[in-house]
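A structural walkthrough
Below are the chains, spelled out letter by letter.
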Amino acid sequence: MAKKPRPARPRVIVTRRLPPNVEARMAELFDVSFNAGDVPMDRPGLARAMAQCDVLVPCISDHIDGALIEGAPERLQLIASFGSGVDHIDLGAARQKGIIVTNTPGVLTEDTADMTMALILSVPRRLAEGEKLVRSGEWQGWSPSGMLGHRIRGKKLGIIGMGRIGRAVARRARAFGLTIAYHNRHRLPFEVEQELEAGWCADLDSLLGSSDIISINCPLNADSRGMIDARRIALLMPDAYLINTSRAEIVDEQALIAALSGGRIAGAGLDVYTHEPAVDPGLLLLSNVVLLPHMGSATFEGRDATGALVIANIRSWVDGHRPPNQVLEGWI
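Residues numbered from 1 in each chain as written. Predicted model: local features only at pLDDT ≥ 70, side-chain atom pairs only at ≥ 80, totals over all residues. Heavy atoms only, no water.

1. Some details on the pairing of strand S1 (residues 11-14)
- Where S1 lies against strand S2 (residues 31-33), three bridges are found, and the strand directions are parallel. Across the sheet, Val12 pairs through a bridge with Val32, a residue of S2.
- Remark: the S1/helix H1 (residues 20-29)/S2 crossover connection has right-handed handedness.
- Two elements, S1 and strand S3 (residues 55-57), share three bridges in a ladder whose sense is parallel. Residue pairing for S3: Val14 is matched across the bridge by Val57. (Pairing = 2+ DSSP bridges. Helix = DSSP H or I, 4+ residues; strand = E, 2+ residues; numbered from the N terminus. Right-handed = clockwise from strand over helix to strand, strands pointing away.)

If you want it as structure tokens, here you go:
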């Protein structure tokens, strides 16, 4: 396929509001249009945007499927996604169309791992319940049997997905005295396992059935979608906790709600939801779940670093080079 000419000052459309300094730098470098209202674009809006730009900068809330990509004119040459995940983009369709896709890996690892560790601490120790109790005015003071939770030191943490974030979670968990086991598509090198003090578990069912806390840190793809289904949730121990800061579609949300409401597992910490921003009413009614508004990567530093990578990817493309964070089909 012949290379298309790349404009020196490309027309860039950004689908959501970005940090002010990121938008200011983009405006210096590109002919850019921002979404001042920060309202997610609907499907027709995405189609219009894709028809009017050389570079589209979407976020994970923008679902760019094969039909949208196929309908885009030849002008669209680069989709520079703001974020590390690319499950919202049909990579195969983009490749067929000759559209380059980039992402921003690595910059949100520490922030997401911090939030994961916060949930690992918060759910067993019932921090959210305690905070609500104090605010309600119904707290009667300290008592030997009041607000009892579970100690995490000495417990087994099962990490599903031992990429950048999974490893960062493991490093934090070690400091709290957790024993680390993990399940990954590929086993880590021996030296890495030693550094993390993490044990390989080839069988996911075995990991689920033997862990006190499960942390989901794998990407969403064809293999992981629906991976934690009703059968696997039933393998969890009654005192187990499930933490998900990855993608909601990895877990059968209804099966999880049934297990939580029926007391078949102890609790959960969730930062992602199947139909977000809508949250299933069944989750809202549960006291043994900590619910966060998809804020795992929400730091000033992380957002600035993400914007810087988006800009670097676009500038490299404009200069005729392969962008540093070009995503290949089958990257995960």
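Let's pick the thread back up.
2. Concerning the sheet that holds S3
- Here five strands make up an open sheet; going across it, the order is S2-S1-S3-S4-S5 and the pairing parallel. Every interior strand has two partners, whereas the edge strands, S2 and strand S5 (100-102), have only one. Within this sheet the neighbouring strands show an average axis-to-axis angle of 15 degrees, counted without direction. (Axes fitted to C-alpha atoms, helices over the stretch in contact; angles between N-to-C directions.)

3. Observations concerning the sheet that holds strand S10 (residues 241-244)
- The strand order S8-S7-S6-S9-S10-S11-S12 describes an open sheet built from seven strands, whose pairing is parallel. Only two strands of the sheet have a single neighbouring strand rather than two, namely strand S8 (198-200) and strand S12 (289-291). Each neighbouring strand pair of the sheet contributes to a mean axis angle of 20 degrees, computed without reference to strand direction.
- In the sheet, strand S6 (residues 156-160) pairs with strand S9 (residues 213-216) via four bridges, with the strands oriented parallel. When the bridges of S9 are listed, Gly158 appears paired with Ile214.
- Sheet strands touched by helix H5 (residues 109-122): S6, S9, S10, strand S11 (267-270) and S12. Its angle to S10, the strand with the most contacts, is close to 160 degrees. (Contact = heavy atoms within 4.5 Å.)

4. Observations concerning the domain arrangement of the chain
- What the domain assignment lists for the chain is domain 1 (9-102 + 298-317) and domain 2 (108-289).
- For domain 1 and domain 2, the distance between their C-alpha centres works out to 32 Å.
- Each partner contributes to the interface: domain 1 provides seven residues, whereas domain 2 provides four residues.
- Where domain 1 abuts domain 2, roughly 510 Å² becomes buried across the two surfaces, and 49% of that area is made up of carbon and sulfur atoms.
- The largest per-residue losses of area from domain 1 upon contact with domain 2 belong to Ile60, Asp87 and Thr299, which jointly make up 61% of the total buried on that side.
- Put simply, domain 1 and domain 2 have one salt bridge between them.
- Of the charged contacts, one joins Asp87 and Arg247 as a salt bridge, the two residues approaching to 3.2 Å between their closest N and O atoms.
- Where domain 1 touches domain 2, the interface holds two residue pairs in polar contact (both at pLDDT 80 or more).
- Residues that form the side of domain 1 that touches domain 2 fall into these classes: one nonpolar, four polar and two charged. (Domains from an automatic or database assignment. Buried area = accessible area lost by both parts, 1.4 Å probe. Salt bridge = Lys/Arg side-chain N within 4 Å of Asp/Glu carboxyl O. Polar contact = N/O pair within 3.5 Å; in protein donor to acceptor, adjacent residues only side chain to side chain. Nonpolar A, V, L, I, M, F, W, Y, C, P; charged D, E, K, R; others polar.)

5. Some words on the UniProt feature "domain: D-isomer specific 2-hydroxyacid dehydrogenase catalytic" (unreviewed entry) in the chain
- Within this numbering scheme, the UniProt entry marks residues 12-327 as carrying the feature "domain: D-isomer specific 2-hydroxyacid dehydrogenase catalytic" (unreviewed entry).
- For residues 12-327, the helix share is 37%, the strand share is 14%, and the end-to-end C-alpha distance is 19 Å. (UniProt positions renumbered as here; feature names shortened; annotations may be inferred.)

6. What to know about the side chain of Ser81
- The topology assignment puts Ser81 in the loop between strand S4 (78-80) and helix H4 (91-97).
- Among residues more than four places away in sequence, those in contact with Ser81 are Pro58, His88, Ile89, Thr102, Asn103, Thr104 and Val310.

7. A closer look at a nonpolar patch on the surface
- Where nonpolar side chains cluster on the molecular surface, the patch consists of Val134, Trp139 and Trp142 and spans about 440 Å² of accessible area.
- For Trp142, the position within the fold is in the loop between helix H6 (127-136) and S6.
- We classify Trp142 as exposed; its relative accessible area is 73%. (Patch = residues over 30% accessible without salt bridge, like charges linked within 9 Å, V, L, I, M, F, W, Y side chains within 5 Å. Areas by Shrake-Rupley, 256 points an atom, 1.4 Å probe, with all protein chains shown as cover. Buried < 20%, exposed > 50% of the residue type's maximum accessible area, 1.4 Å probe, protein only.)

8. Considerations on helix H2 (residues 43-51)
- Along H2, the residues that are buried comprise Gly45, Leu46, Ala49 and Met50. Taken down its axis, H2 places every buried residue within 135 degrees of arc, on the same side.
- Of the surrounding secondary structure, the elements contacted by the buried residues of H2 are S1, S3 and helix H3 (66-71).
- Two to three positions downstream of the cap, the backbone nitrogen of Gly45 sits 2.7 Å from a side-chain oxygen, assigning the N-cap of H2 to Asp42. (Arc of directions from axis to C-beta.)

9. Side note on the UniProt feature "domain: D-isomer specific 2-hydroxyacid dehydrogenase NAD-binding" (unreviewed entry) in the chain
- Per the UniProt annotation, the sites labelled "domain: D-isomer specific 2-hydroxyacid dehydrogenase NAD-binding" (unreviewed entry) are residues 117-296.
- A helix fraction of 33% and a strand fraction of 16% characterise residues 117-296, whose end C-alpha atoms lie 10 Å from each other.

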